[in-house]
Amino acid sequence: MFRKASNHMEVYLDNSATTRCFDQVAELMTHIMCEDYGNPSSLHRKGVEAEKYTRYAKEVIAKNLKVNEKEIFFTSGGTEADNLALIGCARANCRSGRHLITTQIEHPAVLQAMKYLEDEGFRVTYLPVDKTGCVRLEELERAITGETILVSIMHTNNEVGTLQPIAEAGALIKRMNPRILFHVDAVQGYGKFKIYPKRMKIDLLSASGHKIHGPKGAGLLYVDEKVKIKPISYGGGQQGGMRSGTENVPGAAGLAKAVELVYANLDQDVARMYQIKKAFVEGIRKINDIVINGHPDENGAPHVVSVSFRGVRSEVILHALEDKGIYVSAGSACSARKPQPSATLQAMGVEKELLGSTIRFSFSVFTTMKEINYTLETLYDIIPMLRRYTRR
């Protein structure tokens, strides 16, 4: 009801920021909110009915990750999951050491939590990355000391789609010291890849519902049962005291339903997204003076393409595309209201001139080739025009 009338096709290519909810997810959540709306902590029948949904959600997600149900905790999203993992584990294990390791290209939910822990007296090493945005394992190995208690490396970069060597990093960490905890922010990778924490030596893993066609305000944290972790919020003791507060039953159930749906045809859907990515990359390379950041092929994520357009500001391109009904991003949506040079692009060594000229295009299972072709044709028209305008 808020949509403005437009003569243009509407193309949503900002799926790394958020995704359209699956219809089945919305229907399930509506039913729970309007019919089975009890508090799962209540002892009457309405409470028991609600609790069944949280049990269902844990069963679905635990089975998907091949972990135990008691190792799954529901959060308000990826940010809370990251904060709980990092701050909770740092505080619980500080007697063993006060050194933490992460990378220079993490999501703000990790980087800001690390800055907070530095204020609490922890020492943090921020690993550099190569020009594609990938962590070097030899840098990780050099950074680990006898004081190291936790390493946090994202699975998939949210800005350029670079995939990190998570399984190799997990094996390296545990080989050097089995007691070091390994946290993975999988917010952008979950729902695109099969991730098995036990097999990959991951102790803690964060994910979020609205990145996989589930609800906003619903996320999860996997915590291996052997991990020492303290809660960072206190109250009624729900979720074993790990995350107090009345459970978001429709959110948890909607998240689980999204997991079921997104993994039902994962291989087929991901292969199709890679085809779309390939067509988009081939098409965009016809534009002069552009740089594709990260891996433009199957070495990167299937749903993200970061492109720098020399000579045109990101915001100008973004709004020019918006006028044509195409929605994209100038970077991470979490910092979009306060535009700053991308820490990820800087860490990758992208030219200073291009830092403010980069657009992120991100796809989903709903993206069509018709939408890609329309976007490319629009870019062919507007980029030369914008360049002529800015050079006057």
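Here is a short report on the structure shown in this document. (Residues numbered from 1 in each chain as written. Predicted model: local features only at pLDDT ≥ 70, side-chain atom pairs only at ≥ 80, totals over all residues. Heavy atoms only, no water.)

### Quick word on empty space enclosed by the protein
Next, step 1: Enumeration according to the criterion identifies three cavities of 30 Å³ or more in this entry.
Next, step 2: When its volume is computed, the second largest cavity comes out at roughly 60 Å³.
Next, step 3: Lining the second largest cavity are G191, K192, K211, I212, H213, V262, L266, D269, M273, S364 and V365.
Next, step 4: Looking at the lining of the second largest cavity, the element that brings in the most residues is helix α8 (residues 266-284), giving three residues.
Next, step 5: Of the residues assigned to the lining of the second largest cavity, the class counts are five nonpolar, three polar and three charged. (1 Å grid on protein atoms, 1.4 Å probe; cavity = no way out; pocket = protein on both sides within 12 Å on 5 of 7 lines; lining within 4 Å. Points joined across faces, edges and corners; volume = space filled by probe spheres on them. Helix = DSSP H or I, 4+ residues; strand = E, 2+ residues; numbered from the N terminus. Nonpolar A, V, L, I, M, F, W, Y, C, P; charged D, E, K, R; others polar.)

### What to know about the nonpolar core
Next, step 1: With 58 residues, the main nonpolar core has I61, L140, F182 and Y190 as its most contacted residues.
Next, step 2: For this core, the element with the most residues is helix α7 (residues 249-264), which contributes seven residues.
Next, step 3: Aside from chain neighbours lying at most four places away, what touches Y190 is I61, N64, L65, I195, A207, I212, L220, V259 and Y263.
Next, step 4: Of all hydrophobic cores here, the second largest spans 28 residues; its members include I287, V307, I317 and Y374. (Core = buried A, V, L, I, M, F, W, Y, C linked by side-chain atoms within 4.5 Å. Buried < 20%, exposed > 50% of the residue type's maximum accessible area, 1.4 Å probe, protein only. Contact = heavy atoms within 4.5 Å.)

### Concerning the packing of helix α2 (residues 45-65) against α7
Next, step 1: Running from amino to carboxyl end, α2 crosses α7 at an angle of 35°, the nearest separation of the two axes being 8 Å. Judged by the twist between their axes, the crossing of α2 over α7 is left-handed. Across from A50, Y53, T54, Y56, A57, V60, I61 and N64 in α2, the residues of α7 making contact are V249, A252, A253, L255, A256, K257, V259, E260 and Y263.
Next, step 2: A breakdown of the residues in the contact of α2 with α7 according to their chemical character gives 13 nonpolar, two polar and two charged. (Axes fitted to C-alpha atoms, helices over the stretch in contact; angles between N-to-C directions. Left-handed = near helix turned anticlockwise from the far one by under 90°.)

### Overview of the layout of surface pockets
Next, step 1: Empty space within the second largest pocket amounts to approximately 420 Å³.
Next, step 2: Considering the residues around the second largest pocket, the lining is formed by 21 residues, among which K174, P178, R179, I180 and L181 are closest to the centre.
Next, step 3: Split by residue class, the lining of the second largest pocket holds eight nonpolar, five polar and eight charged.

### A short note on the sheet that holds strand β12 (residues 358-362)
Next, step 1: Strands sit in the order β9-β10-β12 across an open sheet of three strands; the sheet is antiparallel. The open sheet is flanked by β9 (290-293) and β12, the only strands paired with a single partner. On average, each strand axis in the sheet is tilted by 25° relative to the strand beside it, whichever way the strands run.
Next, step 2: Across four bridges, β9 lies against strand β10 (residues 304-309) in antiparallel orientation. Bridging from a neighbouring strand, I290 pairs with F309 of β10.
Next, step 3: Taken strand by strand, α8 contacts β9, β10 and β12, and its axis lies near 10° from that of β10.
Next, step 4: Docked against the sheet, helix α9 (residues 314-323) engages β10 and β12, running at close to 40° with respect to β12. (Pairing = 2+ DSSP bridges.)

### So, the pairing of β10
Next, step 1: Most of β10 sits inside the fold, with six of its six residues counted as buried.
Next, step 2: Here β10 shows a buried face lined by V304, S306 and S308 and a second buried face lined by V305, V307 and F309.
Next, step 3: Pairing geometry for β10 and β12, over five bridges, is antiparallel. Bridging from a neighbouring strand, V305 pairs with F361 of β12.

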